Amino acid sequence: MEKTSDKLWSGRFTESTDALVESFGASVSFDRRLYRHDIEGSLAHARMLTRAGVLTEGELAAIERGLGDIRTDIERGDFAWLVEFEDVHMNIEARLTERIGEAGKKLHTGRSRNDQVATDLRLYLRDEVDAIDAGLQGLQRVLLDIAEREAETIMPGFTHLQVAQPVTFGHHLMAWFEMLQRDRGRLADCRRRINIMPLGAAALAGTSYPIDRAYTAQLLGFDAAAANSLDAVSDRDFAIEFTSAAALLMVHLSRCSEELILWSSAQFGFIELSDGYCTGSSIMPQKKNPDMPELVRGKSGRAIGNLMALLTLMKGQPLAYNKDNQEDKEPLFDSIDTVKACLRVFAGMLPGMQIRRERMVQSARLGYSTATDLADYLVRKGIAFRDAHEIVGKSVRYAIDQGKELAALTLEELRGFSAAIGDDVYAVLTVEGSVAARNHPGGTAPAQVRSAIAQARRLLG
Ligand code: ARG
C-alpha cells in the first residue's frame, strides 16, 4: 500500500494505515469530549514554552488565536472530527496547523500525547468531581428539607426486613444524608490525587527543553507537578479511585431506590411517587410503576462494572504508557454520566413524593415494634434482661393470637405475664414513647433528628 496519509506521526512509515486499524485505533468518537481541557492544557503549555524562550511571543499569539477559534468552532458544531486524526489531541493540533501554519507545528514541542492525555483527563475529571459534588449537595439539601418536615413521622424500622423498632422518617432520611456525606468525602479525597500535573513527563522520560513545570501547573490550577515522569504518564489510579467512589455512591443510591420501590408498593404503601416520575403498564391499567428508582438501582450495575473494567485494564500494564489506557475513557465517562443523571433524577423525584404518615405509623404499631421497650421497662422494674425477653416474647405471642397490638392489651392481660407490670407501662408501649426515649445524639427521637439536621445545615453552609 502506497503511503498517502499526512498523519502527524507518519515520518517513519512507508505504508499508510490499514482502514480497519484506523477505525479500531481511533478514540476521537468518545475522547472529543475532552476538547475544552485539551485546549486549556495546550494554552498553558504554549505560555510556558514562550516564557522559557522556546516559542516567540508572535507564535504564542497565533496559537492562542487559533485554539480560541477552534474552541468556538467546536462549540458551534462547526468542527469536523476526523477518524484519520485518531483522537481529540491530533484533531485539534492538525486543525491548528491548518489555520495558523508553522506556529501550530511547534505547539507539541516538549510534550507527548502521553502526558497530554493524562493531563486532559485530570483537568476534565477535576471539573466533573466538582459538578458531582454540587449534585450531591443539592440532593442532600432536598433530604434535609424532607427530614425536617418528617422529624416526628413514625415508621417501622427494619432489620431482616422484619419490623424491628419504631423510628422517625426524618431519622431514616438522615441516614441517607450520611451516606452521601461520606461519598462527598471520598470524592474530595480522590480529587487531591487527581489534581497533580503530568505535563513535562512527555512520552515517559521527561524532555530536554528548559521547561518550567511549576509555572504550567500554576496556570492550570494543579497543586503540583507529578514527581516521576514514568508514573505520570502511565497510572490511571486517579480514575480508578474516582470510579470506585462513583460505584459506591451508586450503591448508596441503589439502596435508597430499593427502599423507595418497597415503600411505594401496595403492601407497604408508605409513599407515593409523583405521576411525573412513574410510568404505567401497557397491559395492566391499574399499574403505576416506580421506574426511576428501578433504573437507578439497575444503573448501579454499570457503575460497578466500570470500576472492574478500569482495575482490569490497569493490572497487567508495565511502565510506562500503553495504548491500553485509551480504554480508560469510556468507563470513566459512563460513570460520570450515570452518577450525574441519577443524582438529578433523585433530587427531582423526592420533593414530589407523598408521604402516607398514617400508613407508616400504623405499620409500626402493628409490628410489635415496642416489644424491646417493654423488655427495657421490665428491666427497670428489677427483672433480668433475659427473663424480661422471655416474658415479652410470650406477651407478643398472646397479642398475635388475639389480633391486637401490645398497647391494646389490658393491664390485667399484661400482668398475667409479669406482676411487675403496672399501669405506667402504656407510656412505653406506644410508638411515640419508644422513639422519644431514644434521645441521645445519633438516636431517632424527633429532638435528635432536628439537631442532626441543624448540624448538617451548618456543614453544608
Ligand atoms: N488517544 C490516546 C489515549 O487515549 C492518546 C495517547 C496516545 N499515545 C500514544 N503513544 N499512542 O491514550
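Throughout, residues of each chain are indexed from 1 in the direction in which the sequence is written. Local features in this predicted model are restricted to residues of pLDDT 70 or higher, and side-chain atom pairs are both shown and tallied only at a pLDDT of 80 or more, whereas totals for entire chains, interfaces and linings draw on every residue. To obtain the side-chain values, all non-hydrogen atoms of the structure were included, while hydrogens and water were left out.

### Digging into the site of the ligand
Here a residue is near a molecule or strand as soon as one of its heavy atoms is found within 4 Å of it. Taken together, Ser27, Asp31, Asp87, His89, Arg113, Asn114, Val117, Tyr321, Gln326 and Lys329 make up the full set of residues adjacent to the ligand. A distance of 3.0 Å separates a nitrogen atom of the ligand from a polar side-chain atom of aspartate 87. Residue asparagine 114 places a side-chain N or O atom 2.9 Å away from a nitrogen atom belonging to the ligand. Taken by itself the ligand offers 340 Å² of open surface, and the protein chains cover 86% of this. In protein, a polar contact requires one atom able to donate a hydrogen and another able to accept it; more generally it is a pair of N or O atoms within 3.5 Å, and residues adjacent in sequence count only if both atoms are side-chain atoms. Accessible areas in this description were obtained via Shrake-Rupley with a 1.4 Å probe; residue shielding takes into account the shown protein chains only.

### Notes on a nonpolar patch on the surface
On the surface, a cluster of nonpolar side chains totalling about 260 Å² of accessible area is made up of Leu204, Leu230 and Leu319. A helix here means a DSSP run of H or I that spans at least four residues, while a strand means a run of E at least two residues long, and both kinds are numbered starting from the N terminus. Structurally, leucine 204 is set in the loop between β3 (196–197) and α9 (213–220). By definition, no residue in a patch forms a salt bridge, and every one has over 30% relative accessible area; like charges are joined within 9 Å, nonpolar side chains (Val, Leu, Ile, Met, Phe, Trp, Tyr) within 5 Å. When a carboxyl oxygen of Asp or Glu lies within 4 Å of a side-chain nitrogen of Lys or Arg, that pair is called a salt bridge.

### Comments concerning the side chain of glutamate 128
Along the chain, glutamate 128 turns up in helix α7 (residues 113–149). Leaving out residues up to four positions away in the same chain, glutamate 128 has contacts with Ile336 and Lys340. Any two residues having at least one pair of non-hydrogen atoms within 4.5 Å are treated as being in contact.

### A word on helix α20 (residues 446–460)
Relative to the 21 Å expected for 15 residues at 1.5 Å per residue, α20 spans 21 Å between its end C-alpha atoms, a close match to the ideal helical length. Think of it in three bands: residues with accessible area under 20% of the maximum for their type are buried, residues over 50% are exposed, and the middle band is partly exposed, with areas taken using a 1.4 Å probe on protein chains only. Buried within α20 are the following residues: Pro446, Gln448, Val449, Ile453, Ala456 and Leu460. Looking straight down α20, one finds its buried side chains confined to an arc of 155 degrees; they lie on one side. Opposite the buried face of α20, by more than 90 degrees, sit the exposed residues Gln455 and Arg458. Following α20 by one or two positions, glycine 461 adopts a phi angle in the positive range, close to 75 degrees. Helix span is expected to be 1.5 Å times the residue number reduced by one. Working note: the arc is built from the helix axis to C-beta atom directions.

### Examining the packing of helix α15 (residues 371–380) against helix α16 (residues 385–402)
Axis lines are fitted to C-alpha atoms, over the contacting stretch for helices. Their N-to-C directions set the angle, which ranges from 0 to 180 degrees. Interhelical geometry of α15 versus α16 gives an angle of 135 degrees and a closest axis separation of 9 Å. As judged from the angle between their axes, α15 and α16 are oblique. Regarding α15 and α16, the two cross each other, and that crossing is right-handed. In this structure, α15 uses Ala371, Leu374, Ala375, Asp376, Leu378 and Val379 to contact α16, whose residues at the interface are Phe385, Ala388, Ile391, Val392, Ser395 and Val396. Side-chain classes are defined by residue name, with Ala, Val, Leu, Ile, Met, Phe, Trp, Tyr, Cys and Pro counting as nonpolar, Asp, Glu, Lys and Arg as charged, and the others, Gly among them, as polar. Among the residues forming the contact of α15 with α16, the class breakdown is 10 nonpolar, one polar and one charged. Geometric relationships in this document are graded by angle, where less than 35 degrees denotes roughly parallel, more than 145 denotes roughly antiparallel, 65 to 115 denotes roughly perpendicular, and other angles denote oblique. Rotating anticlockwise by less than a right angle from the far helix to the near helix defines a left-handed crossing, while the corresponding clockwise rotation defines a right-handed one.

### Describing the packing of helix α12 (residues 291–315) against helix α13 (residues 329–349)
Between α12 and α13, the shortest axis-to-axis distance is 9 Å and the interhelical angle comes to 160 degrees. Regarding the angle of α12 to α13, the classification is roughly antiparallel. As for the relative orientation of α12 and α13, their crossing is left-handed in sense. Facing Met292, Pro293, Val296, Lys299, Arg302, Ala303, Asn306, Ala309 and Leu310 of α12, the residues of α13 in contact are Pro331, Asp334, Ser335, Thr338, Cys342, Val345, Phe346 and Met349. The class makeup of the residues in the contact of α12 with α13 is 11 nonpolar, three polar and three charged.

### Remarks on the nonpolar core
What is meant by a nonpolar core is a set of buried Ala, Val, Leu, Ile, Met, Phe, Trp, Tyr and Cys residues, joined one to another through side-chain atoms within 4.5 Å. Judged by nonpolar contacts, the single largest core of 89 residues is most densely connected at Trp176, Phe242, Leu253, Phe346 and Leu350. Apart from the residues within four sequence positions on either side, leucine 253 is in contact with Leu139, Leu180, Val296, Cys342, Leu343 and Phe346. Tyr368, Ala399, Val428 and Leu429 belong to the second largest nonpolar core, which has 19 residues in total.

### Considerations on the pairing of strand β2 (residues 162–168)
The side chains of a regular strand alternate between both faces of the sheet. One ladder, built from six bridges, connects strand β1 (residues 154–159) with β2; its direction is antiparallel. Bridge pairing links phenylalanine 158 to valine 163 in β2. A pair of strands counts as paired when DSSP detects no fewer than two bridges linking them.

### Focus on α12
In a regular helix each residue adds 1.5 Å, so 25 residues correspond to 36 Å; α12 covers 37 Å between its end C-alpha atoms and thus fits that length. Among the residues of α12, those classed as buried are Pro293, Val296, Ser300, Ala303, Asn306, Leu307, Leu310, Leu313 and Met314. Those residues of α12 that are buried are in contact with α10 (229–234), α11 (237–264) and α13.

### Looking at the layout of surface pockets
Put simply, the largest pocket is a space of about 340 Å³. Taken together, 17 residues line the largest pocket, and the ones lying closest to its centre are Gly157, Phe158, Val167, His172 and Ala175. Going through the elements one at a time, β1, β2, α8 (169–194) and α11 are the ones with two or more residues in the lining of the largest pocket. Looking at which element gives the most residues to the lining of the largest pocket, the answer is α8, with five residues. Estimated volume of the second largest pocket: approximately 280 Å³. With a 1 Å grid spanning the protein atoms alone, the term cavity applies to any set of points in which a 1.4 Å probe fits but cannot get out, the term pocket to an open set with protein on both sides within 12 Å along at least five of seven lines, and the term lining residue to any residue with an atom within 4 Å of a point. What lines the second largest pocket is a set of 17 residues, among which Met174, Glu178, Ala452, Gln455 and Ala456 lie closest to the centre. Only α8 and α20 provide two or more residues apiece to the lining of the second largest pocket. Partitioning the lining of the second largest pocket into residue classes produces eight nonpolar, eight polar and one charged. Grid points are joined across faces, edges and corners, and a volume is the space filled by probe spheres set on the points.

### Considering empty space enclosed by the protein
A full pass over the atoms with the stated rule returns two cavities of 30 Å³ or more. When its volume is computed, the largest cavity comes out at roughly 40 Å³. Around the largest cavity, the lining residues are His45, Met48, Gly110, Met197, Leu199, Gly200, Ile211, Asp212, Arg213 and Thr216. Contributions of two or more residues to the lining of the largest cavity are made by α3 (35–51) and α9. The residue makeup of the lining of the largest cavity, split by class, is four nonpolar, four polar and two charged. Here the second largest cavity defines a volume of roughly 30 Å³. For the lining of the second largest cavity, the secondary-structure elements that each account for two or more residues are α7, α8 and α11.

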